[in-house]
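So the chains spell out like this:
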Amino acid sequence: MTTDPQTRRATPNPMLHPFPVPGELVRLAYREIHLAINGTEEEKNVLGNPALLPRPWEPATCVDPCLRYDLWEWLEEVVIWLNREYTWDVAGLIPTCWPLHPHVTHELAVLADQRRRAGMALTSDALEEWHRYCLPAFADRLRNRLRAHCDDEHKRWPGLPRHNEHTSDTTTQRREDAYAQDVDALPASRGTCETQGVPGPPRLGLVDLDTGEVHKDVSLDSAPRTTRTEKGPRD
């Protein structure tokens, strides 16, 4: 029994699928980063501060809504590609609820970026490194952190009660008080924050507007301390 070649061509089923290509806005973000590194001085000046450029491997830096959505679309395709091309046992599958796990999302974005770069290389060295180190390490951490919590359906974060306790007003203020006591206990003879190269508390002076002479220096050390710790999400 033979198979009609026309039938095979009508229903193509390639053995391997190519790595997903990011969308237009993600590609633009990568191009701007490339120019920030390798562009001319004029191109670098047009881009502005390179520290403010969005980095697709760090989704939180992609604050433009359209870019952010484009990134999620690409990572969704990457997850489907990874599960299809590199996973045989169900224990290694990236769960369908991956966007609800920040630790998976952070690592997935880096894994996708590393795979994109390896695929663009002119030799197989980078791709071998990705196969040998990046992908296995990601898979191991995924299993260790998720375990079997989301095998059937997404489970609520087990650490949420501890997280809420850590970010509560009471425990946050307790830590802030400990920080303040430690700083206040430092001997003045060892130098202030300013002498160590760290900006200290603001100081006010009474200035003669005619001569510019400072007559008195007033420290704001006694000003009320504010809580600096950013609190995470609560459910």
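Keep in mind the model is a prediction, meaning the values are calculated, not measured.

Parameters at a glance
Residues numbered from 1 in each chain as written. Predicted model: local features only at pLDDT ≥ 70, side-chain atom pairs only at ≥ 80, totals over all residues. Heavy atoms only, no water. Helix = DSSP H or I, 4+ residues; strand = E, 2+ residues; numbered from the N terminus. Buried < 20%, exposed > 50% of the residue type's maximum accessible area, 1.4 Å probe, protein only. Contact = heavy atoms within 4.5 Å. Areas by Shrake-Rupley, 256 points an atom, 1.4 Å probe, with all protein chains shown as cover. Salt bridge = Lys/Arg side-chain N within 4 Å of Asp/Glu carboxyl O. Expected span 1.5 Å × (residues − 1). Core = buried A, V, L, I, M, F, W, Y, C linked by side-chain atoms within 4.5 Å. Phe/Tyr/Trp six-rings, centres within 6.5 Å; stacked < 30°, edge-to-face > 60°. Lys NZ or Arg CZ within 6 Å of the ring centre and 35° of its normal. pLDDT = per-residue confidence, 0-100.

1. So, the overall build of the chain
The secondary structure content of the chain amounts to eight helices and two strands. When the elements of the chain are put in sequence order from the N terminus, they spell out α-α-α-α-α-α-α-α-β-β. Each of the 235 residues in the chain was classed as buried or not, and the buried ones make up 25%. Sequence-distant contacts in the chain: of pairs separated by 6 or more residues, those separated by 24 or more amount to 58%. About 17600 Å² of surface is accessible on the chain, with carbon and sulfur atoms providing 56% of the total.

2. Things to note about the pattern of salt bridges
For the structure on display, the rule yields five salt bridges. Asp113 is the partner of Arg116 in a salt bridge, and the nearest nitrogen-oxygen pair spans 3.8 Å. Within this pair, Arg116 and its partner Asp113 are both found in helix H5 (residues 102-120), separated by three residues, close to a single helical turn. In terms of burial, Arg116 and Asp113 fall into one category: buried. One salt bridge connects Arg143 with Asp140, and the closest N-O pair in it is separated by 2.6 Å. Of the two residues, Arg143 and Asp140 are both situated in helix H6 (residues 125-146); the distance of three residues between them amounts to about one turn of the helix. On the basis of relative accessibility, which here comes to 38%, the residue Asp140 falls in the partly exposed class.

3. Regarding helix H2 (residues 24-38)
With 15 residues, H2 should reach 21 Å at 1.5 Å per residue; the first-to-last C-alpha distance of 20 Å fits that figure. Buried within H2 are the following residues: Val26, Ala29, Tyr30, Ile33 and Leu35. On the buried face of H2, the contacting elements are helix H3 (41-47), helix H4 (65-85) and H5.

4. Some thoughts on helix H8 (residues 169-184)
For H8, built from 16 residues, the straight-helix expectation of 22 Å at 1.5 Å per residue is met to within 8% by its first-to-last C-alpha distance of 22 Å. Among all positions in H8, only Thr171, Thr172, Arg175, Glu176 and Ala180 are buried.

5. Topic: the nonpolar core
Counting 26 residues, the largest nonpolar core has Trp74, Leu75, Leu82, Ile94 and Leu108 as the members making the most contacts within it. No other element matches H4, which puts eight residues into this core. Every residue in contact with Leu82, bar those within four places of it in the chain, is listed here: Thr87, Ile94, Leu108, Leu111, Trp130 and Leu135.

6. Focus on the environment of His101
Mapped onto the elements, His101 comes out in the loop between H4 and H5. Judged by its relative accessible area of 9%, His101 is buried. Distance from His101 to Leu146, taken between C-alpha atoms, is 9.0 Å for residues 45 residues apart in sequence.

7. Let's talk about the packing of aromatic side chains
Tallied over the entire structure, the rule returns six aromatic pairs. Geometrically, the ring pair formed by Tyr30 and Trp74 is edge-to-face, given 6.4 Å between the ring centres and 90° between the ring planes. In this pair, Tyr30 is assigned in helix H2 and Trp74 in helix H4, connecting sequence segments 44 residues apart. According to the relative accessible area criterion, Tyr30 is buried, its value standing at 9%. One aromatic cluster in this structure is built from Phe19, Tyr30, Trp57, Trp74, Trp81, Tyr86 and Trp130. Here Arg116 stacks its cationic end above the ring of Tyr30, 3.4 Å away from the centre of that ring.

8. What about the environment of Leu47?
Locating Leu47 in the fold gives a position in helix H3. In sequence terms Leu47 and Ala36 are 11 residues apart; their C-alpha atoms lie 7.1 Å from each other. Every residue in contact with Leu47, bar those within four places of it in the chain, is listed here: Glu32, Leu35, Ala36 and Leu53.

9. Focus: the confidence of the model for the chain
Do not read the predicted coordinates in detail wherever pLDDT is low. Mean pLDDT over the chain stands at 78; residues scoring 70 or higher make up 69%. Averaged pLDDT values over the elements of the chain bottom out at 45 in strand E1 (residues 203-207) and peak at 96 in H2. Scored below 50 in pLDDT, residues 200-207 shows 23 contacts in the model against residues more than four places distant or in partner chains. Here residues 214-235 scores under 50 on pLDDT; set against residues more than four positions off or in separate chains, the count is 44 contacts.

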